[in-house]
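An overview of the molecular structure
Letter by letter, the chains look like this.
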Amino acid sequence: MIAFVLRIGSPSPGLDAATAAKLSAFAGLHSPRTFAEGGAWSSADNAISCQWVAHAPAELGGVRYTYSAGTRFALFAGRPVIWGRQHADGLGAIDPSTYLGAPLELLERLDGRFAIIDVAGSAVRLVTDPVGLLPVFVSHRNGASWLSNVAPLISEATDPVRETALVAFLLTGNAITGEPMSNRVRRVEPGTLTTFFADGQQSASPLNRVSPDNFQQGPPDYEQAARDLVAVAAAFADWPDRERSIELSGGHDSRLVGAALRMAGVKASAMSMAIEHTPGYPLTEDVELGRVIAGLLGFDHQILYIDDSSAIYRSTDAVATLLNASSPGTIAWNDIPDLLLESPPHAPRPALVFDGLGGEVARGAFDHQWGRAGNFDGYRNTQSKQGLVDGLMQRYIPTHVQPLATPLAIDMFRMWLADFVERTTGEGFALCDVPELCFIRWIGTWHGMKTTPYEYRQDGISPLISRRLWTSALSQPLEDRMNGRFHRELTSLLGPDLLDTPYCSRSAHYGGRQQRIRDRWWLRHRAEIETRAASERGTRTNQDPVAGIQRRVKDRMSAANDHPVWKYLDANRVTEILNADPIRFRRDIPARQQVWRLATILS
């Protein structure tokens, strides 16, 4: 990982010194020597300067994140790859000198999760990845622009709160608007080439964003998509001396990524997450199926247990400190259950961790849990923007649970969503395709925003979000997207032996009546596992760990009575969920998530 702050504009000795102190404090939150590579660079006139802390090259197979040559400077963050005609280059993409004066043609071939900076003369070029998996933030202070991949490094605790981000977080659990909580910091738009000049001017142009053409390319070429997935998986894995692992569940996406890694000849370890209170715990479907799939792939398999010993329950003050230093304010605690607090003397060498994130785009986005039935109320077939907004509101803010926020907050969010629909349809996207755009944005604001607290120990890699695959995934007819054809076609090409392993019964089931008949044995088996686990849980007397989070919120409410959040909270709902017996809403996931959102904001 590299954490950087780059200033463009008037030198500011006070803020430059404060930045150095913040970077030192950020590094100090981690085990000694984790960020052993620190540095600074500045132009001859000091109109542009960059400071950073990073993993040492010895931890990264000899790779450095920065390169300077006289008056030139380049930096990359994350894990980019560069596409050629048919193959992706993984090694060239992690050589920062590649980006010194890189032509537009090369920048257009970038893929993955990345931020690229190239400094020449009095100008700074910044390239952000198409989805926003590695967010970059900008703040304007003291006559200069400040860029960073860690929002708190360029914000202050005294900054006013951005109320649209606050409202979105209360209602959805992330800042779907894309903005951080500080009203003096904004996120650079994903998929852009932005040029900042020392005199304060800047320009921006889209680069590799999803476009209406992606939905209109004609019949998808699944065989080419399979080759592209293997190629990009191999390129992501091509980083010397880095361990490789994959997060395996019982669903559609991660097994497809696993098949691509196997086809590419990449050896990896596999990990499945067992979350307490998930049916059957500790033998959840994800654990059971993940073990089977790992065996078929030839990968070692491990289990990560998430229970009341997790840091988010037992080390709440330390977690709050870490998030305050690394989060844009929109990382909900319940979205980081596997957050690990390091133990000296040294953090583990950062690994390359593959996941199945983003595969939902190829199978109905927000509707993927339902398959063909996901088009309930026919919102995908609506002919009006209002009808589409109504349908999307039900996905962002479920109607079966009382909202945490007031009608004023809901109206504000609806206005943002209506504007999003208006803008995207104005750009030429069909109404029925806007949910995919919402989901792509959600990936960047939910997952992308929460990556920083993990980067010290891993580079998250999501091959199914590859820009190269979008054409095949999105150009499918809506019916094919809704019934998961993309995954069936690619899995049959890359891992036909994986098709006989059932899918998690709580994820989307595609294949109709015959598939359901074939899976009956599995459903009976899981019912027995879950009945036995429920009986065992009934003999336990341990208190639900969420009770501790309820107490934490109550303890902090009086000290935060002037927080702007109270303007938007439904006081009756807050009282209800904070006084409820956690055991009673153990299965009420939305209510539990609301408790976590309050804990996040008030910590």
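Look up: the structure comes first, before these words.
This report concerns the structure included in the present document. (Residues numbered from 1 in each chain as written. Predicted model: local features only at pLDDT ≥ 70, side-chain atom pairs only at ≥ 80, totals over all residues. Heavy atoms only, no water.)

For the chain, the count of helices and strands is 19 helices and 18 strands. In summary, the chain has a C-alpha radius of gyration of 24 Å against a globular reference of 25 Å for 603 residues, a match within 12%. Overall, the C-alpha framework of the chain stretches about 70 × 60 × 55 Å when taken along its three principal axes. Out of the 603 residues belonging to the chain, those deemed buried represent 59%. Within the chain, contacts between residues separated by at least 24 positions form 74% of all contacts whose residues are at least 6 apart in sequence. Accessible area for the chain stands at about 23700 Å²; split by element, carbon and sulfur atoms hold 51% of it. Each charge class in the chain was averaged separately, 61 positive and 66 negative side chains, and the resulting centres sit 3 Å apart. (Helix = DSSP H or I, 4+ residues; strand = E, 2+ residues; numbered from the N terminus. Rg over C-alpha atoms; globule rule 2.2 N^0.38 Å. Buried < 20%, exposed > 50% of the residue type's maximum accessible area, 1.4 Å probe, protein only. Contact = heavy atoms within 4.5 Å. Areas by Shrake-Rupley, 256 points an atom, 1.4 Å probe, with all protein chains shown as cover. Lys, Arg positive; Asp, Glu negative; His and termini not counted. Charge placed at Lys NZ, Arg CZ, Asp CG, Glu CD.)

A few words now on the pattern of salt bridges. Here the structure, examined in full by the defined rule, presents 32 salt bridges. Taking the shortest distance from any N to any O, the salt bridge between R526 and E288 comes out at 2.6 Å. Residue R526 is located in helix α16 (residues 520-538), and its partner E288 is located in helix α6 (residues 285-297); the two are separated by 238 residues in the primary sequence. Given a relative accessible area of 2%, R526 falls into the buried group. Between E436 and R481 there is a salt bridge, and its shortest N-O distance comes to 3.3 Å. Of this pair, E436 sits in helix α11 (residues 434-447) while R481 sits in helix α13 (residues 478-482), and the two are 45 residues apart along the sequence. (Salt bridge = Lys/Arg side-chain N within 4 Å of Asp/Glu carboxyl O.)

Here we come to the side chain of T501. Within the secondary structure layout, T501 lies in the loop between α14 (485-494) and α15 (512-518). Not counting residues up to four positions away in its chain, the partners in contact with T501 are R255, L289, V292, I293 and L296.

Here we take up the sheet that holds strand β17 (residues 351-354). Picture the strands of a sheet paired through backbone hydrogen bonds; they go either parallel or antiparallel. Pairing is parallel across the open sheet formed by five strands, whose spatial order is β16-β15-β14-β17-β18. Where the open sheet ends on each side, the last strands, each with one partner, are β16 (300-306) and β18 (458-461). Put simply, the sheet's adjacent strands are angled 30 degrees from each other on average, direction ignored. Here three bridges tie strand β14 (residues 244-247) to strand β15 (residues 269-275), and the two strands are oriented parallel to one another. Note that in β15 the partner of S245 across the bridge is S269. Where helix α5 (residues 253-263) meets the sheet, its contacts fall on β14 and β17, and the angle it forms with β14 comes to roughly 155 degrees. Against the sheet, α6 engages β15 and β16, with an angle of about 170 degrees to β15. (Pairing = 2+ DSSP bridges. Axes fitted to C-alpha atoms, helices over the stretch in contact; angles between N-to-C directions.)

A word on the sheet that holds strand β2 (residues 37-42). Here we have six strands laid out as an open sheet, ordered β2-β3-β1-β10-β9-β11, and antiparallel in their pairing. Each end of this open sheet is capped by a strand with a single partner; those strands are β2 and β11 (186-187). Inspection of the sheet shows strand β1 (residues 2-9) paired to strand β3 (residues 48-54) by seven bridges, in the antiparallel sense. Bridge pairing in β3 places F4 opposite W52. Across the sheet, helix α1 (residues 13-28) is in contact with β1, β3, β9 (137-141) and β10 (144-148); its angle to β3 comes to roughly 15 degrees.

Direction vectors running N to C along helix α3 (residues 163-172) and helix α10 (residues 407-426) enclose 105 degrees, while the axes themselves pass 9 Å from each other. The angle between α3 and α10 falls in the class roughly perpendicular. Residues E163, T164, V167, A168, L171 and T172 of α3 form the contact with α10, whose participating residues are A409, I410, M412 and F413. Grouping the amino acids of the contact of α3 with α10 by side-chain chemistry returns seven nonpolar, two polar and one charged. (Parallel < 35°, antiparallel > 145°, perpendicular 65-115°, else oblique. Nonpolar A, V, L, I, M, F, W, Y, C, P; charged D, E, K, R; others polar.)

Cis geometry is adopted by the peptide bond preceding P282, which originates at Y281 and carries an omega value of 5 degrees. On the secondary structure map, P282 appears in the loop between β15 and α6. Phi at N46 is positive, roughly 60 degrees, even though this residue is not glycine. Along the polypeptide, N46 turns up in the loop between β2 and β3. Owing to a relative accessible area of 27%, N46 belongs among the partly exposed residues under this scheme. We note that H277 has phi near 80 degrees; this positive angle belongs to a residue other than glycine.

Let us look at the packing of helix α17 (residues 546-557) against helix α19 (residues 589-601). Between α17 and α19, whose axes approach to 9 Å, the crossing angle comes to 40 degrees. Considering their axes alone, α17 and α19 lie oblique with respect to each other. As α17 runs across α19, the sense of the crossing is left-handed. Contacts from V546, I549, Q550 and V553 in α17 reach R592, V595, W596, L598 and A599 in α19. Along the lines of polarity and charge, the residues of the contact of α17 with α19 split into seven nonpolar, one polar and one charged. (Left-handed = near helix turned anticlockwise from the far one by under 90°.)

Among the nonpolar cores identified, the biggest contains 80 residues, and L6, L229 and F354 are the most heavily contacted of them. No other element matches helix α4 (residues 222-237), which puts eleven residues into this core. Look past the residues within four positions of F354 in its chain and what remains in contact with it is A233, F236, A237, S245, I246, E247, V257, L261, I461 and P463. Ranked by size, the runner-up nonpolar core spans 75 residues in total, among them L133, F215, A332 and L578. (Core = buried A, V, L, I, M, F, W, Y, C linked by side-chain atoms within 4.5 Å.)

Another aspect to go through is the packing of aromatic side chains. Overall, the coordinates contain 18 aromatic pairs when judged by the stated rule. Centre to centre, the rings of Y222 and F486 are 6.3 Å apart; their planes meet at 65 degrees, and the pair counts as edge-to-face. Placement of Y222 in helix α4 and of F486 in helix α14 is noted, with a sequence separation of 264 residues between them. Classification of F486 by relative accessible area gives buried; the value is 3%. Judged by centre distance (5.6 Å) and plane angle (25 degrees), the ring pair of W416 and F420 falls under stacked. Of this pair, W416 and F420 are both found in helix α10, four residues apart, which corresponds to roughly one turn of the helix. Of the two residues examined, W416 and F420, each falls in the buried class. Among the aromatic side chains, those forming a connected cluster through ring pairs are F366, Y396, F413, W416, F420, F439, W442 and W446. Directly above the aromatic system of W239 lies the positively charged group of R242, at a separation of 4.4 Å from the ring centroid. Taking NZ or CZ as reference, R468 lies 4.1 Å from the ring centre of W83, over its face. (Phe/Tyr/Trp six-rings, centres within 6.5 Å; stacked < 30°, edge-to-face > 60°. Lys NZ or Arg CZ within 6 Å of the ring centre and 35° of its normal.)

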